[in-house]
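Each chain, written out:
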Amino acid sequence: MNCHESEKLRQILIWIGVANQLTATRFDRLMSESNLPLPQFTMLNHFSRNPAQSYTVTQLASAFQANQPAMTKTVQHLLEKGYLEFQVSQEDKRVKFHSITAAGLAAHQQAISQIEPDAQLIFAEWNSDEIDVLHQSLFRLKNWLDDRRDTVASSKREV
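In short, a report on the structure. If you're wondering where the values come from, they're calculated on a predicted model, not measured in any experiment.

## With respect to the nonpolar core
For step 1, the next point in the chain: Leu36, Met43, Leu44, Phe47, Leu60, Leu78 and Leu84 are the most contacted members of the largest nonpolar core, which has 19 residues in total.
For step 2, the next point in the chain: Where this core is concerned, the elements lending two or more residues are helix H2 (38–48), helix H3 (57–64), helix H4 (68–80) and helix H5 (102–122).
For step 3, the next point in the chain: When residues in this core are grouped by element, the largest group, four residues, is from H2.

Here it is as C-alpha cells:
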C-alpha cells in the first residue's frame, strides 16, 4: 500500500468538495427555468441509465446513500411532474416499484442539452489528453468509492 503526502491528499479531497459545490451552483443556475433541481436531475440520471429498471424508495435511498424521507420527497416531485410512475408490488401492496416515463427521459435529455454548452465552456482550455486523464481518474475514484461504501479508515492510530 502506498503512503502518499497527506497535504496533497487533503487538498484533493477539499478540491473535489469545492468543485462539487461550484458545479452544483452552476447547474442550478442553468436549470432555474426548467424547474429541475439537481436532486431531481440526479435521480432521473440514475433511472435513465437503464430505463427498464424499477426501484423502490429503499433501493434508491441505498443507491444514493440518502435517507428515505429525502428520497420519498424527490420521488414524489418526479411523480407529480409525470417523470416517474410506479407499480404496486403483487407480493406486498405496501411496496411500490418506480420507473422512469417517456416524459422523464425527455426531461433528462433536455437537461443534458441545457448543460452541454456550459460543460464545453468549462473545459474549453483543456486538451484531449487532459480530458482523458481526468475522465479515467474520476471513473476510477467513483468506482473505488462505490465499491467500498461502508469502508472508512479509522482515525485512531495505534501507539
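## Notes on a nonpolar patch on the surface
For step 1, the next point in the chain: A grouping of Leu9, Ile12, Leu13, Ile16, Leu138, Leu141, Trp144 and Leu145 is seen on the molecular surface, where their side chains present a nonpolar patch of about 720 Å² in accessible area.
For step 2, the next point in the chain: The set of elements that each furnish at least two residues to the nonpolar patch consists of helix H1 (6–30) and helix H6 (128–147).
For step 3, the next point in the chain: Here Leu145 shows up in helix H6.

## Details of unusual backbone geometry
For step 1, the next point in the chain: One non-glycine residue, Asn35, lies in positive phi territory at about 55°.
For step 2, the next point in the chain: Residue position: Asn35 is located in the loop between H1 and H2.
For step 3, the next point in the chain: What makes Asn35 exposed here is its relative accessible area of 52%.
For step 4, the next point in the chain: A positive phi angle is found at Gln65, which is not glycine, with a value near 50°.
For step 5, the next point in the chain: Structurally, the position occupied by Gln65 is in the loop between H3 and H4.
For step 6, the next point in the chain: On the accessibility criterion, Gln65 (53% relative accessible area) is exposed.

## Side note on the packing of aromatic side chains
For step 1, the next point in the chain: Counting across every chain of the model gives three aromatic pairs.
For step 2, the next point in the chain: Judged by centre distance (4.9 Å) and plane angle (40°), the rings of Phe27 and Phe41 are tilted. Highlighted residues: Phe27 in helix H1 and Phe41 in helix H2, separated in sequence by 14 residues. For the pair Phe27 and Phe41, a shared accessibility class is recorded, and that class is buried.
For step 3, the next point in the chain: The interplanar angle of 85° and the centroid separation of 5.1 Å between the aromatic rings of Phe47 and Tyr55 together place this pair among those described as edge-to-face.
For step 4, the next point in the chain: A cation over a ring is seen here: Lys96 above Phe86, with NZ or CZ 4.6 Å from the ring centre.

Parameters and conventions
Starting from 1, residues in each chain are numbered consecutively following that chain's sequence as written. Residue-level local features of this predicted model are given only where pLDDT is at least 70; pairs of side-chain atoms are given and counted only at 80 or more, and the full residue set underlies all totals for whole chains, interfaces and linings. Hydrogens and water molecules were not included; the side-chain quantities draw on all heavy atoms of the structure. Side-chain atoms within 4.5 Å link the members of a nonpolar core, which is a set of buried Ala, Val, Leu, Ile, Met, Phe, Trp, Tyr and Cys residues. For every residue, the accessible area (1.4 Å probe, protein chains only) is compared with the maximum for its type, and the residue is labelled buried under 20%, exposed over 50%, or partly exposed between those bounds. Numbering goes from the N terminus for both helices and strands, where a helix is a DSSP run of H or I of at least four residues and a strand is a run of E of at least two. Patch members must show over 30% relative accessible area and no salt bridge, and they are joined within 9 Å when carrying like charges or within 5 Å when they are nonpolar side chains of Val, Leu, Ile, Met, Phe, Trp or Tyr. Shrake-Rupley sampling with a 1.4 Å probe provides the accessible areas, and residues are treated as covered by the protein chains on show and by no other component. Salt bridge, as used here, is a side-chain nitrogen of Lys or Arg placed within 4 Å of a carboxyl oxygen of Asp or Glu. Aromatic pairs are defined between Phe, Tyr and Trp rings, using the six-membered ring for Trp, whenever the two ring centres lie within 6.5 Å; interplanar angles under 30 degrees are classed as stacked, those over 60 as edge-to-face, and all others as tilted. A ring has a charge above it when a Lys NZ or an Arg CZ is no more than 6 Å from the ring centre and no more than 35 degrees off the ring normal.

Note that all results are geometric; they support no functional claim without further evidence.
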